[in-house]
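Residue-level structural notes
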Amino acid sequence: FSSDVLQLEPDRVVLKFCSGNFNPTCNVSTMWDEFETMALMAHHKGIGPMLATILPATREAEHYDNYSMADNIKAFNEKIKNLASKYDFPVVDYHKALADSEGFLPDNLARDEIHPNEKGYEIMASVLSPLVD
């Protein structure tokens, strides 16, 4: 992040974490600290952070005992929206655009358990485009 964003000083940066990071061995608190730190470092450097919500995973990704990716992603996305609200950062709400009514990535938008297919990426582009034009 330092060499790719802070040193190059673009006007804006989209911060996006992957749903693949959400598993029982992941320390969500540490991951949040990293996300928030990058957003604030960019902001203090005059780079406009655009906070992207975590993409939903498919139902098939929910194969852990006593752990829900969907629930953890939902909680992380709420933190993203709260941070964005506090600092007036734009939110790139990929989750809202891609999730079904239960918070999962539908099979017709999925390449695998955590990645969108071409149609999913088209939807993502349509969400981001108005924020960067």
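Before reading further, recall that the structure is shown in the block above.
Everything quoted here is computed from the prediction, not taken from an experiment.

Criteria and cut-off values
- Residues numbered from 1 in each chain as written.
- Predicted model: local features only at pLDDT ≥ 70, side-chain atom pairs only at ≥ 80, totals over all residues.
- Heavy atoms only, no water.
- Helix = DSSP H or I, 4+ residues; strand = E, 2+ residues; numbered from the N terminus.
- Expected span 1.5 Å × (residues − 1).
- Buried < 20%, exposed > 50% of the residue type's maximum accessible area, 1.4 Å probe, protein only.
- Contact = heavy atoms within 4.5 Å.
- Polar contact = N/O pair within 3.5 Å; in protein donor to acceptor, adjacent residues only side chain to side chain.
- Phe/Tyr/Trp six-rings, centres within 6.5 Å; stacked < 30°, edge-to-face > 60°.

Before going further, it helps to examine helix H5 (residues 118-132). In an α-helix, one full turn covers 3.6 residues, which means residues spaced three or four apart are oriented alike. An ideal rise of 1.5 Å per residue puts 21 Å on 15 residues; H5 measures up with 21 Å between its terminal C-alpha atoms. Of the residues making up H5, those classed as buried are Gly120, Ile123, Met124 and Val127. Lining the buried residues of H5 we find strand E3 (91-92) and helix H4 (94-98). One side-chain oxygen at the N-terminal end of H5 lies 3.1 Å from the backbone nitrogen of Lys119; it belongs to Asn117.

The next subject is the packing of aromatic side chains. What the rule picks out here adds up to eight aromatic pairs. With 5.6 Å between their ring centres and 25 degrees between their planes, Trp32 and Phe35 make a pair best called stacked. Placement of both Trp32 and Phe35 in helix H2 (residues 28-44) is noted, with a separation of three residues, approximately one turn of the helix. An identical accessibility class is assigned to Trp32 and Phe35; each is buried. When the centroid spacing of 5.4 Å and the interplanar angle of 15 degrees are considered together, the rings of Tyr87 and Phe89 count as stacked. On the basis of relative accessibility, which here comes to 29%, the residue Tyr87 falls in the partly exposed class. Put simply, the rings of Phe17, Phe22, Trp32, Phe35 and Phe76 touch in pairs and so form one group of aromatic residues.

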